[in-house]
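# Commentary on secondary and tertiary structure
Spelled out from the first residue to the last, the chains are:
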Amino acid sequence: MSSQHVLLSPAELSYLHASLSLQPLPLRPDGRSPTQFRPLVAETGILPGTNGSARICFADGTEAIVGVKAEVERTVQPFTQDTQTTQDEGETPAEDERRKEEVGGSDWVEMTVEIPGYRDDDPTTVFLGQMLQEALLADGEFTKRLRINGRFHWKIYLDILLISPPLSYPLPLLSLTTHLALLSARLPRLKSEGDEDPLFDDDWAASTYVYPRDNNKKDGKDGNNKVVARPPVTLLVMAVGNNIIFDPAREELAVADVALAVSVGEETTTTTTQTGGDDDVDMEEGSTPGKRRLRLLSVRTIDPPSRLTPPGVPNATNTAYTAPTGTAEAKTQDGARTLETERVEGVWKAPRGGAKVMVMAALVAKVLEKGGVADEVLDGLEAVDLG
Amino acid sequence: MPLDTSSYSLALLRVDGRRWNELRRINAQIRTQAAADGSSYLEMGHTKVMCVVTGPSEPFGPARVGRTGAGAGATAGASGGEAGVVVSIVVAGFSSVDRKRRGRGDKRIQELQSTISSALAASLHTHLFPHSTISISLHVLSQDGSLLAALINAATLACVDAGIPMTDYVAACTAGSTSTYAANDESADPLLDLNHQEEQELPGLTVATLGDSDRVAVLVCESRVQVSRLEGMLAVGVDGCKQVRAILDRVVRDKGRKMVQEGTVQKGVGLEDMEVD
Amino acid sequence: MTDRRRINGPVGATFPPVFVYEGEDAVKETKKTRSRPPNAIRKMYLKTGVTPSASGSAYLEIETSAKGSGSGLKLSCTVHGPRSLPRSTPFSPHIILSTHVKYAPFATRQRRGYLRDSTERDLGTHLETALRGAIIADRWPKSGVDIIISIIEGDQDRESSKAEGDESWDMMNALSGCITVASAALADAGIDCVDTVAGGVAALVRNAADDSVSNIVIDPVPSEHEKILAACCIAYLPTRDEVTNLWFKGDLGASDMELYTSLVEKGIQASKYANRVLVECLGETVG
């Protein structure tokens, strides 16, 4: 999708590139500031038939719906573990047990992305799905929450639907929608104990959130539906010239020098969460609002579609423009070299090669900086009523 | 899940408390999406679908460059003289009670696609847009019976929103019969608008008519049913289509009135009968 | 999606048995130690022109880890093209790159099917990004090139159980190999590139010995480390000092930006080492 053809002429591309690389501030076609997101409308809990759902509509008309479904699944016991436990050594089984508790399988989450007009095994669709899944699984906190007991776990199906045709690279939209859907996702309360076959409470009102929140007065805090932990968000950021631009529209992405997808998570203050049957208990006492500690979960280079844009022809080499002289041949030869190597002011040329390391590091740093965009986005998402 | 059909004869009430000729609540919206040429959202009971129409546009728009036939659904209307109607349906994995994933190559979905595509191609004035494509993308968010009918209604509304000239609404609904085929019950009553439970158990058909007329545009019957019962079912179905048409018409008019009031569009000529208050 | 055209083995395949060694304790102790210094990559063997029928090809082998029980990485890459596009394709001012990465069914502990799964497609997309920056695409308008990589042996330790080895880290090593071998094959096919691009992996690992200290190593072998905290795979163009593809995965605090930067730097270093092998191999072919 990033390589989708943008129907812009070389002149338009050149103009766009020039205005986006203006200093000190880029001039974006839709008048946004470099760090500003497109305005959006979000709602959660729209589908009663799912464990959690969300819908986000960006102002440019792109819309996505995400539904979360959960099923109970038997945990596969790796038999090599068993062979180890059968051998003596008193503490080995306990240690294995501990490890098994700590990590959940990455196959406990299944994510599918549906984009109209694209097959579901299209590389770009797969790439998007893998990227979102990678961020979700990166810290292992999520799969920990899915554990029911030693023998069973929840299997989460995340179906991500892009409703509108893909007008822009849909990554930020899909990521934000997934984030909200996961926040609103609830699982039935476990009634059984220990490793017996799980039995759940029929009462949906008693269900627990996958991402717990301290809405009750358990410890007398002023928390009003405050979410304790949050799923990651993936942000799209690109660089043009010396400018860093967030949430690029399709036309802007078409002139990007480099585009990165950066997944950011929020740190849960106590890392050693003791998972037991009581996964609704909140241990993160230390997390004070407004002071979040971000974590970098994943970075991926997005192939910028600018590499596939048609190049412009500078006047110097345009045979239709220059009057033919005796040394026409030599001139075109010369011109050909110019075309290959030099950048002519005002003539669009698809970028070649990669990006400087410093630029990429600056992009990531910009995302993660304190009070930066990631903070802002998470604040914005916090304001969404989670029903 | 066996359906207790015997209780119907006692109170003449169906499992969800409706009478035989009652539709479920239909709630629809058009112009739900800013960027699309036409869009709609339709609920028939718990069946919820969304529709986005793109076009009429060049056959292989920017979204499909270099991807011949990728994800394209059924096409009706030959290229050349008239516009092709491409329908693609995405059934969300979370739409049914148990998660079930249907790929795009699923035969059942392909059949739905081609049914909708041919029904709409007959109603839309495709000859006005030669060498172009009208692409209709449907998303099923929640399923509770009468899926085909809901899809057809949503597609009609989205086409209206897209402003594609058409002869009339294609309004659809389902009809069934109160007892199973095996019961061979001569006195079985026809039923209107089946939900999922009834659809599983009872014979049923989907019918779509062209506007207020009795002209049938789509008729799909996939279950065994005695011929003698068919006529009654069809009559009830066609009657239901008229009710559905009235609801769809109301949705379109309401939206139009609202847009005139807001000043987004000018009131057209020849619309004296449309009261703007 | 089931594969109806072939007769597949039963689902839920089993792993070959792993026998306990005589000196079991000794094995246990040496289990999680790195056999090389932290800033050395494993030896690799690269050869171009192995498939005569393709316009360009290359074969890459990375040595097995010192224990001998693991398998190394064996990749073969063929490049077909540049060739004209089918008539139905719309005009393109650039060469159209298509990359296929496929694990052989026997390449990993878990048998892979014949159809490409999502991780393989994902690798293909990464590879495409990495190569597209290197190729001078506007010299071949209206044409396409196919790059096909088969992973013959997937660099996995047979002894470690499935639960231990996290396959996602193996993917990074596989990708860096893919980038290097594809670059060699592209050069063999005579497709103009701005530079030879090579892949390198660096990882932040925690060793078994002391639980608190984590350090950065290049070319990590998952079975040689207790826990990999983060890793990054880099495709690097040495003469231009540019990165065409960066893939970072893991869990790093936002305050540890230096750690991230040094991880990327180490990745580039690994890529430089690989590039040296690549350049030497290409030099041999020319000379």
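Our subject is the structure listed above.
These notes cover the structure that comes with them. Note that the coordinates shown come from a computational prediction; the quantities given were computed from them, not determined experimentally.

### Considerations on the overall build of chain A
When its secondary structure is counted, chain A shows ten helices and eleven strands. Counting all 387 residues of chain A, 54% fall into the buried class. The long-range share in chain A, meaning contacts at least 24 apart out of those at least 6 apart in sequence, stands at 72%. For chain A, the computed accessible surface area is about 16,600 Å², with 52% contributed by carbon and sulfur atoms.

### What about the overall build of chain C?
Across its full length, chain C carries four helices and nine strands. Here chain C holds 287 residues, and 53% of them are scored as buried. For chain C, the proportion of contacts with a sequence separation of at least 24, taken over those separated by at least 6, is 71%. As displayed, chain C offers around 12,800 Å² of accessible surface, 53% of which is attributable to carbon and sulfur atoms.

### Some points on the interface of chain B and chain A
The interface of chain B with chain A comprises 26 residues on the first partner and 35 residues on the second. Between chain B and chain A, a total of about 2,700 Å² is buried, with carbon and sulfur atoms accounting for 58% of that surface. Salt-bridge contacts for Asp159(A) lead to Arg99(B); the nearest nitrogen and oxygen are separated by 2.9 Å. At the boundary of chain B and chain A, one finds five residue pairs in polar contact (both at pLDDT 80 or more).

### Side note on the pairing of strand S3 (residues 73-84) of chain C
All names here are of chain C. In this sheet, S3 lies alongside strand S2 (residues 56-62) in antiparallel orientation, the contact comprising seven bridges. The residue bridging Gly-56 from the neighbouring strand is Val-79, located in S3. Here ten bridges tie S3 to strand S5 (residues 143-154), and the two strands are oriented antiparallel to one another. Following the sheet pairing, Cys-77 is matched in S5 by Ile-149.

### Let's talk about the packing of aromatic side chains
Residues and elements named next belong to chain C. All chains considered together, the criterion is met by four aromatic pairs over all chains. Plain terms: the ring middles of Phe-248 and Tyr-260 are 5.4 Å apart, the flat faces sit at 85° to each other, and that makes the pair edge-to-face. With Phe-248 in strand S9 (residues 242-253) and Tyr-260 in helix H4 (residues 257-286), this residue pair connects regions lying twelve residues apart in the sequence. Both residues of the pair, Phe-248 and Tyr-260, belong to the buried class. Seen from the ring of Tyr-103, Arg-112 lies directly overhead, with NZ or CZ sitting 4.1 Å from the centre. Over the ring of Trp-169 we find Lys-249, and its NZ or CZ is 5.7 Å from the ring centre.

### Let's talk about the pattern of salt bridges
Per the stated rule, a full pass over the model turns up 45 salt bridges over all chains. With a shortest N-O distance of 3.0 Å, Asp197(A) and Arg151(A) are connected by a salt bridge. A residue pair is termed long-range when its members are at least 10 positions apart, and Asp197(A) in the loop between strand S6 (186-187) and strand S7 (208-209) and Arg151(A) in the loop between helix H5 (141-145) and strand S5 (152-162) qualify at 46 residues. Looking at Arg151(A), the relative accessible area reads 28%, which means it is partly exposed. Between Arg36(C) and Asp219(C) there is a salt bridge, with its nearest N and O atoms 3.8 Å apart. Separated by 183 residues along the polypeptide, Arg36(C) in the loop between helix H1 (24-30) and strand S1 (44-48) and Asp219(C) in the loop between strand S7 (214-218) and strand S8 (227-237) bring together distant segments of the chain. A relative accessible area of 9% means that Asp219(C) is categorised as buried. What you see here is one network of salt bridges that share partners, running through Arg28(A), Asp30(A), Arg32(A), Arg38(A), Asp60(A), Asp247(A) and Glu252(A).

The rules we used
- What you see as residue numbers is a count from 1 along each chain, following the sequence as written.
- Throughout, the order in which chains and ligands are written sets their labels, letters from A for the former and numbers from 1 for the latter.
- Thresholds applied to this predicted model are a pLDDT of at least 70 for local features of residues and 80 or more for the giving and counting of side-chain atom pairs; totals over whole chains, interfaces and linings are not thresholded and use all residues.
- Side-chain measures were taken over the full set of non-hydrogen atoms in the model, leaving aside hydrogen atoms and water.
- Where helices and strands are cited, they refer to DSSP runs of H or I of at least four residues and of E of at least two residues respectively, numbered from the N terminus.
- In this scheme, a residue with accessible area under 20% of its type's maximum is buried, one over 50% is exposed, and one in between is partly exposed, where area comes from a 1.4 Å probe on protein chains only.
- Residue contacts are defined here by distance: any two heavy atoms, one from each residue, within 4.5 Å place the two residues in contact.
- Per-residue and other accessible areas were derived by the Shrake-Rupley procedure at a 1.4 Å probe size, with only the shown protein chains allowed to occlude residues.
- Accessible surface is computed with a 1.4 Å probe, and the buried area is the amount of it that two parts give up when combined, taken over both parts together.
- One side-chain nitrogen of Lys or Arg within 4 Å of one carboxyl oxygen of Asp or Glu is enough to make a salt bridge.
- Here a polar contact means two N or O atoms within 3.5 Å. Within protein one must be a hydrogen donor candidate and the other an acceptor candidate, and residues neighboring in sequence count only if both atoms are side-chain atoms.
- The pairing criterion is simple: DSSP has to find at least two bridges between the two strands.
- Put simply, two rings from Phe, Tyr or Trp (the six-membered ring, in Trp's case) pair if the centres are within 6.5 Å, and we call them stacked under 30 degrees between planes, edge-to-face over 60, tilted for the rest.
- Consider the ring centre and the ring normal. A charge sits over the ring if Lys NZ or Arg CZ is within 6 Å of that centre and within 35 degrees of that normal.

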